[in-house]
Amino acid sequence: MTRSFRQLLAIRFALLTTGGMTLCVGVTFFAFRHILDTELNASIMNVASIQAAAVTDGVGGAMHFHEWELTPEEAGSVRDLVRYAQIWDATGKSLMRSRFMVRDLPVDLRALEAAGAGELVWKEADFHDYRIRSVFYPLERLGDLHSQHVLQVAAPMESRNVMLQRVGLFGLLMVFLTAVGSLLGGRWLATRALRPVSDIISQAEAVGTGTERPQISAYADILEYERLVKVLNRMLDRIQASFEAQRRFTADASHELRTPLTAMRGELELALRRSRSNPEYRDVIQSAHEEVLRMGQIVEGLLTLARADAGAMEVRRAPQNLVDLARAACERVETQGIPDGVSVEVEASEPVLASVDGDLLVQVFWNLIQNGVRAVSTQEAGVVRVYVGTRAGQAVVEVLDSGPGLPEGGDSSAFHRFWRGDPSRTHQDGGGGSGLGLAIARAIVEAHGGGLEAGPSSALGGARFTVTLPLHASKWRRWTPSS
């Protein structure tokens, strides 16, 4: 059966307090019993000492009790104040007893034997209809004439037992009241203690997808709940930011895909309005083919980013020389064509080994170099330079260009999906104008445990993209780029 945390808290509080009260009552009960027993024993021992001295003060060893002048009936009515006394010989024969006693005290032969050997022996037994406690007192302590005599002094335990019974019942009553009170009090305390949690939950449940900047304010100023509220608000901020990013991403993706679809639809509808010659149909098909390729690049980029977001990007690691990968990316860019006046250079003083997926890293470097080429192509001449080296125990690849540089705010937003700093040029995307190239490049680098940053180039005056990756080799030499 499922219980609420409030019920569990109340039950545990009740068990704790009831257990504590039970322990206190138990300790009190046993301590009180010890005190009563000690007082009773002291009283019996005092009477035994007095009676032993009185019994043996006769001439020639004659024994007699100095007793209260009470009849047996009177003694029976005040038995709680009476101390019974009787003298035995070593064989268990009664030699003398208090005159108001109508029968002998219960005797224990082993106790008589031990007392005859000079020990004090305590025993409990039933006498008439109540319990008594006795001490067997050796009279040989008072002279050799009584070496075979043992004095037994007894007292009823009824008052002691009644007192203990009352204390025990009072203790049980206290335990019961404590259990009920702590259960009710624990429930009340749990309700008050958990009320802030209920209010926080209510505010959290009231947060909807259409809420503008959802925040939880309940009990945010209470020290015990401050951290919980801050954590929930940070989580809501992350969810809101993710939701906004997803919404922007969906809108941008729809827009990017709608543009080539609209172009193809217009060209095909125009071609179908009348019969055309084969060259005209070829031109329409060629244009549609280009738009299909563009949509394919966008879809492929979106799938790559989706795999990266899900942590499912497949990276086949192997020791690779980043200098060779950078040169392979440059050759790929040159194969696709470079505008006149634009040069691409690779600078490296030594091989730099890293455990990476070569194909993916070539794609990253190609994206960054292609960005530089597009930026420089807006001018009459320029250069794109690739530095490969190490710094602070990491592999570093920097791609710099002499173009106009990133626009204001481009350092942080250049890696946003479908971002373009200037609609008139698309040198920041590196993905054929789709706006996904840099986002894909950062996702690939981060999947390798590295980082990708953008900033201005002090050496060439344009943009600078810096890739950092963990080194594969244990030995490396410090390298400082010229930028």
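Anything mentioned here points back to the structure above.
All values derive from a computational prediction rather than experimental measurement.

A.B. asks: I tried to follow helix α10 (residues 437-447) on my own but got confused; where do I start?
C.D. replies: Since the α-helix turns once every 3.6 residues, residues separated by three or four places project in the same direction. Of all 11 residues in α10, eight are buried, a share of seventy percent or more. Among the residues of α10, those classed as buried are Gly437, Leu438, Ala439, Ile440, Ala441, Ala443, Ile444 and Val445. Looking one or two places after α10, you find Gly449, whose phi comes out positive at around 85°.

A.B. asks: What should I look at first to understand the pairing of strand β12 (residues 463-470) in this one?
C.D. replies: If a strand is regular, its side chains alternate between the two faces of the sheet. When strand β10 (residues 394-401) meets β12, the two strands line up antiparallel, connected through seven bridges. Residue pairing in the sheet places Leu400 in a bridge with Arg464 of β12. Here strand β11 (residues 451-456) runs beside β12; their pairing, made up of six bridges, is antiparallel. Bridge assignment links Ala454 to a residue of β12, and that residue is Phe465. Here β11 folds back onto β12, and the loop between the two strands holds six residues, one of which, Gly461, carries a positive phi near 90°.

A.B. asks: What am I meant to see in the sheet that holds strand β2 (residues 94-97) here?
C.D. replies: Backbone-to-backbone hydrogen bonds join strands into a sheet, with any given pair of strands oriented parallel or antiparallel. Pairing is antiparallel across the open sheet formed by five strands, whose spatial order is β2-β1-β5-β4-β3. Bordering the open sheet on either side are β2 and β3 (121-127), each of which pairs with just one other strand. Averaged over all neighbouring strand pairs, the angle between strand axes comes to 25°, with direction disregarded. Here strand β4 (residues 130-138) runs beside strand β5 (residues 149-156); their pairing, made up of seven bridges, is antiparallel. Bridging from a neighbouring strand, Pro138 pairs with Val150 of β5.

A.B. asks: Even after reading the chapter, I still don't get a nonpolar patch on the surface, so can you show me in this structure?
C.D. replies: Together, Leu173, Phe176, Leu177, Val180 and Leu184 make up a nonpolar patch on the protein surface, roughly 490 Å² of accessible area in all. Structurally, Phe176 can be placed in helix α4 (residues 158-206).

A.B. asks: Is there a simple way to think about unusual backbone geometry in this case?
C.D. replies: Leave glycine aside and you will find that most residues have negative phi; peptide bonds, for their part, are mostly trans. Residues other than glycine seldom take positive phi values, yet Ala392 does so here, at roughly 55°. Checked against the element boundaries, Ala392 lands in the loop between β9 (382-391) and β10.

A.B. asks: What exactly am I supposed to notice about the side chain of Ser134 here?
C.D. replies: With respect to the element layout, Ser134 can be found in strand β4. Residue Ser134 is classed as buried on the basis of its relative accessible area, which comes to 4%. Leaving out residues up to four positions away in the same chain, Ser134 has contacts with Val121, Trp122, Lys123, Gln152, Val153 and Ala154.

A.B. asks: Would you explain the sheet that holds β11 in this entry?
C.D. replies: Read from one edge of the open sheet, five strands run β7-β9-β10-β12-β11, paired in mixed fashion. Here the strands that pair on one side only, and so sit at the sheet edges, are β7 (342-348) and β11. Shown here is a sheet whose adjacent strand axes are inclined to one another by a mean of 15°, direction ignored. Sheet contacts for helix α7 (residues 322-336): β7, β9, β10 and β12; angle to β7, the most-contacted strand, approximately 170°. Against the sheet, helix α8 (residues 358-376) engages β7, β9, β10, β11 and β12, with an angle of about 145° to β9.

A.B. asks: I keep staring at the pairing of β3 and nothing clicks. Help me out?
C.D. replies: Inspection of the sheet shows β3 paired to β4 by seven bridges, in the antiparallel sense. The residue bridging Phe127 from the neighbouring strand is Tyr130, located in β4. Taken together, β3 and the strand that follows it, β4, pair antiparallel across an intervening segment of two residues, in which His128 is found at a positive phi of about 60°.

What counts as what
- Residues numbered from 1 in each chain as written.
- Predicted model: local features only at pLDDT ≥ 70, side-chain atom pairs only at ≥ 80, totals over all residues.
- Heavy atoms only, no water.
- Buried < 20%, exposed > 50% of the residue type's maximum accessible area, 1.4 Å probe, protein only.
- Helix = DSSP H or I, 4+ residues; strand = E, 2+ residues; numbered from the N terminus.
- Pairing = 2+ DSSP bridges.
- Axes fitted to C-alpha atoms, helices over the stretch in contact; angles between N-to-C directions.
- Patch = residues over 30% accessible without salt bridge, like charges linked within 9 Å, V, L, I, M, F, W, Y side chains within 5 Å.
- Areas by Shrake-Rupley, 256 points an atom, 1.4 Å probe, with all protein chains shown as cover.
- Salt bridge = Lys/Arg side-chain N within 4 Å of Asp/Glu carboxyl O.
- Contact = heavy atoms within 4.5 Å.

By themselves, these figures tell us nothing about what the structure is for.
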